[in-house]
Amino acid sequence: MFETTLCYIENKGRYLMMLRGMKACDPSSGKWIGVGGKFEKGETAVECMLREVREETGLTLETWHYHGLIEFVSDKWESENMHLFSAHLEGDVDIDFSICDEGVMHWINKDEVMGLSLWEGDRIFLQKIMDGEPDINMRLEYHGDDLVSVTMK
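All of the points below concern the structure found in this document.

Each value, and the rule that gives it
- Residues numbered from 1 in each chain as written.
- Predicted model: local features only at pLDDT ≥ 70, side-chain atom pairs only at ≥ 80, totals over all residues.
- Heavy atoms only, no water.
- Helix = DSSP H or I, 4+ residues; strand = E, 2+ residues; numbered from the N terminus.
- Rg over C-alpha atoms; globule rule 2.2 N^0.38 Å.
- Buried < 20%, exposed > 50% of the residue type's maximum accessible area, 1.4 Å probe, protein only.
- Contact = heavy atoms within 4.5 Å.
- Areas by Shrake-Rupley, 256 points an atom, 1.4 Å probe, with all protein chains shown as cover.
- Lys, Arg positive; Asp, Glu negative; His and termini not counted.
- Charge placed at Lys NZ, Arg CZ, Asp CG, Glu CD.
- Salt bridge = Lys/Arg side-chain N within 4 Å of Asp/Glu carboxyl O.
- Core = buried A, V, L, I, M, F, W, Y, C linked by side-chain atoms within 4.5 Å.
- Arc of directions from axis to C-beta.

### A short note on the overall build of the chain
Turning to step 1, where the next piece is worked out: In terms of regular secondary structure, the chain is built from three helices and nine strands.
Turning to step 2, where the next piece is worked out: The helix and strand sequence of the chain, counted from the amino end, reads β-β-β-β-α-β-β-β-α-α-β-β.
Turning to step 3, where the next piece is worked out: In summary, the chain has a C-alpha radius of gyration of 14 Å against a globular reference of 15 Å for 153 residues, a match within 12%.
Turning to step 4, where the next piece is worked out: For the chain, the spread of C-alpha atoms along the three principal axes comes to 40 × 30 × 30 Å.
Turning to step 5, where the next piece is worked out: The 153 residues of the chain split such that 46% are buried.
Turning to step 6, where the next piece is worked out: Contacts in the chain between residues at least 24 apart in sequence constitute 63% of all its contacts with a sequence separation of at least 6.
Turning to step 7, where the next piece is worked out: In the structure as shown, the chain presents an accessible area of about 7800 Å², 49% of it carried by carbon and sulfur atoms.
Turning to step 8, where the next piece is worked out: When the 15 basic and 30 acidic side-chain charges of the chain are each reduced to a single mean position, those positions are 2 Å apart.

### Thoughts on the pattern of salt bridges
Turning to step 1, where the next piece is worked out: As enumerated under the stated definition, the model contains 11 salt bridges in all.
Turning to step 2, where the next piece is worked out: Taking the shortest distance from any N to any O, the salt bridge between R51 and E40 comes out at 3.5 Å. Separated by 11 residues along the polypeptide, R51 in helix α1 (residues 45–57) and E40 in the loop between β4 (35–38) and α1 bring together distant segments of the chain.
Turning to step 3, where the next piece is worked out: Look at E40 and you get partly exposed, because its relative accessible area is 43%.

### Considering the nonpolar core
Turning to step 1, where the next piece is worked out: Ranked by size, the top nonpolar core spans 22 residues in total, and within it Y8, M17, I70, L84 and F125 carry the most contacts.
Turning to step 2, where the next piece is worked out: Sorting the residues of this core by element identifies β1 (2–11), β2 (14–20), β3 (32–33), β5 (65–74), β6 (80–88), α3 (120–130) and β8 (138–143) as the ones contributing at least two each.
Turning to step 3, where the next piece is worked out: Excluding residues that lie within four positions of it along the chain, L84 makes contacts with L6, Y8, H65, Y66, H67, G68, I70, F125, I129 and I136.
Turning to step 4, where the next piece is worked out: The next biggest cluster of nonpolar side chains, apart from the first, holds 17 residues, and it includes C7, V53, I95 and C100.

### Brief notes about α3
Turning to step 1, where the next piece is worked out: Those residues of α3 not exposed but buried are G121, D122, F125, L126, K128 and I129. Down the axis of α3, the buried side of the element spans an arc of 155 degrees, and every buried residue falls inside it.
Turning to step 2, where the next piece is worked out: G132 lies just past α3 and shows a positive phi near 85 degrees.

Here it is in structure tokens:
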């Protein structure tokens, strides 16, 4: 099992979303996700999230919210513990979208996000973020690309 972070960054009624598909054998290819990635040796969840946001967007977050742990279990992919974050940025935000080598980034209006090609489990916890839920902990079980079980913790 490996550990990752995922951060949904909001600005002016939009979320910064990435369409994955730049790496070979990416289980999220063709899906839209927030910003994040795998832990490096010795990192905490916050350190990983801040590094991933900086590497993929050039942004240095000063404030964020830690929502909780999402456990992914799959019959096809390695299991994953994902630490879920969100951040709200005020004012104009300038991002160099060309620095990310993992996918294509876009600002997506909040009312359009659920219409994107998302993992079904991501749809659940992202809606909870949008609804203002501070604590989100769950176990998501997939068979292939199909979500078969959701357990709230």
